[in-house]
Amino acid sequence: MRSIGEVVDGRFVEALLDEMQKIGVERKSVHAIFIEGSALYLEHPNDIDFKIIVGWYNPKAEIGKPFRVMDCSVECTYYTLEEWNRVDQSRRIFYYVTESPDMILVYGTDEGFKRFDVIEDRDLAKKVLGFYDKYLFNAPPERMRARGGEEEYRMPQKRLWNFLLFAYKIMNGSHELSREQMRAVQDAHDLKASIEDYRTLFEELRRKEGTA
């Protein structure tokens, strides 16, 4: 299998910029493009996810719309640099910051781009663990109406792989995972494991972080 760095080469990035232009994201507004998501770690990602740092948004752009680049399915999320650097203070469910030290810059510059570190920042780790507590391991079995009529969010089962990446990093005290741990992450991504299979690990992590 080709590495993600071989797939996302200069030609791919140019094609990506062209496709983004078609959906209303102007090239001159793009400050940086990072590879994120499962393609950073796994042999069989369903698509390639990109974090796009932009200077401004086109209000008519079809932001959030997936598209294809050189026969690959692509999904992008867009932030200004200020939005990204303060995402941990926003109302977003920002579990994906676990990946930020590993994100690969493929265009532009990462100057000023905050690499959130759940290992070094214990308060951040507790926030992320809280998301997995509320929205994955202890979420209601179905969407339920909360006060005010809003629907409570429930993470899909596939987010188990994101939890395992987070959990193993915290337990290891390192951004490096063992082969066995990576196999577990792959199985979770491929829906070969259930949330209940890892409830013990979740509870162990809660005790370690002092949130149990």
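For every chain, the first residue of the written sequence is number 1, and numbering continues from 1 onward in sequence order. pLDDT decides what is reported in this predicted model: residues at 70 or higher carry local features, side-chain atom pairs at 80 or more are listed and counted, and totals for whole chains, interfaces and linings draw on all residues regardless. Excluded from the side-chain calculation are hydrogens and water; included are all heavy atoms of the structure.

(A) Structural view of the overall build of the protein. The numbering of helices and of strands both runs from the N terminus, where a helix is a DSSP run of H or I of at least 4 residues and a strand a run of E of at least 2. Of the regular secondary structure elements, the protein holds 7 helices and 5 strands. Helices (α) and strands (β) of the protein occur, in sequence order from the N terminus, as α-α-β-β-β-β-α-β-α-α-α-α. Just to be clear, the radius of gyration here is over C-alpha atoms, and the globule rule we use is 2.2 Å times residues to the power 0.38. In summary, the protein has a C-alpha radius of gyration of 18 Å against a globular reference of 17 Å for 212 residues, a match within 12%. Its C-alpha atoms give the protein principal-axis dimensions of roughly 50 × 45 × 30 Å. Counting only residues that meet the buried cut, the protein has 44% of its 212 residues in that class. Relative accessibility thresholds used throughout: buried, under 20% of the residue-type maximum; exposed, over 50%; partly exposed, between the two (1.4 Å probe, protein chains only).

(B) Summary view of the confidence of the model for the protein. Residue-level confidence of the predictor is what pLDDT reports, using numbers from 0 through 100. Overall, the predicted model of the protein reaches an average pLDDT of 91, with 93% of residues at or above 70. Counting contacts from residues 145-150, a segment whose pLDDT is below 50, to residues more than four positions away or on other chains yields 4 contacts. Throughout, a contact is declared for two residues whenever any of their heavy atoms are within 4.5 Å.

(C) Representation of unusual backbone geometry in the model. With a phi close to 70°, Asp71 is a non-glycine residue in the positive phi region. By the element assignment, Asp71 lies in the loop between strand E3 (67-69) and strand E4 (72-79). Judged by relative accessible area, which is 70%, Asp71 ranks as exposed. Backbone geometry places Leu191, a non-glycine residue, at a positive phi of 60°. Tracing the backbone shows Leu191 in the loop between helix H6 (179-189) and helix H7 (199-209). On the basis of relative accessibility, which here comes to 52%, the residue Leu191 falls in the exposed class.

(D) Spatial organisation of empty space enclosed by the protein. Cavities and pockets were defined on a 1 Å grid built over protein atoms only: a cavity is a set of grid points that admits a 1.4 Å probe from which the probe cannot escape, a pocket is an open set flanked by protein on both sides within 12 Å along at least five of seven lines, and lining residues are those with an atom within 4 Å of any such point. Grid points are joined across faces, edges and corners, and a volume is the space filled by probe spheres set on the points. Counted according to the given criterion, the structure contains 1 cavity of 30 Å³ or more. Of the volumes computed, that of the largest cavity is approximately 50 Å³. Contributing to the lining of the largest cavity are Gly24, Val25, Glu26, Ser29, Val54, Trp56, Tyr57, Asn58, Ile63 and Tyr78.

(E) Representation of the packing of helix H5 (residues 160-172) against H7. Every axis in this analysis is a line fitted to C-alpha atoms, fitted for helices over the stretch in contact. Angles between the N-to-C directions lie between 0 and 180 degrees. Interhelical geometry of H5 versus H7 gives an angle of 45° and a closest axis separation of 11 Å. The angle between H5 and H7 places the two elements in the oblique class. Where H5 crosses over H7, the two elements pack in a sense that is left-handed. Between H5 and H7, the contacting residues are Phe163, Leu164, Phe166, Ala167, Tyr168, Ile170 and Met171 on the first element and Leu201, Phe202, Glu204, Leu205, Lys208 and Glu209 on the second. A breakdown of the residues in the contact of H5 with H7 according to their chemical character gives 10 nonpolar, no polar and 3 charged. Here the angle decides the label: under 35 degrees means roughly parallel, over 145 means roughly antiparallel, 65 to 115 means roughly perpendicular, and every other value means oblique. Left-handed describes a crossing in which the near helix is turned anticlockwise from the far one by less than a right angle; the clockwise case is right-handed. Any residue outside Ala, Val, Leu, Ile, Met, Phe, Trp, Tyr, Cys, Pro, Asp, Glu, Lys and Arg is labelled polar, Gly included; the first ten of those are nonpolar and the last four are charged.

(F) Representation of the side chain of Glu209 in the model. Within the element layout of this structure, Glu209 appears in helix H7. Beyond its immediate chain neighbours, meaning those up to four positions away, Glu209 contacts Arg122, Ala125, Lys126, Leu129 and Ile170.

(G) Local environment of the layout of surface pockets. For the largest pocket, the calculated volume is near 490 Å³. Broken down by secondary-structure element, the contributors of at least two residues to the lining of the largest pocket are strand E2 (48-54), E4 and H5.

(H) Highlighting the pattern of salt bridges. By salt bridge we mean one thing: a side-chain nitrogen of Lys or Arg within 4 Å of a carboxyl oxygen of Asp or Glu. Summed over the entire model, instances satisfying the criterion amount to 12 salt bridges. Between Lys65 and Glu62 there is a salt bridge, with the nearest N and O atoms lying 3.4 Å from each other. Overall, the relative accessible area of 42% leaves Lys65 in the partly exposed class. For Glu62, a relative accessible area of 40% translates into the label partly exposed. When the shortest N-O distance is used, the salt bridge between Glu196 and Arg199 registers 2.9 Å. Its relative accessible area of 51% is what places Glu196 among the exposed residues. Overlapping salt bridges, with partners in common, bring together Glu14, Asp18 and Arg27 in one network.

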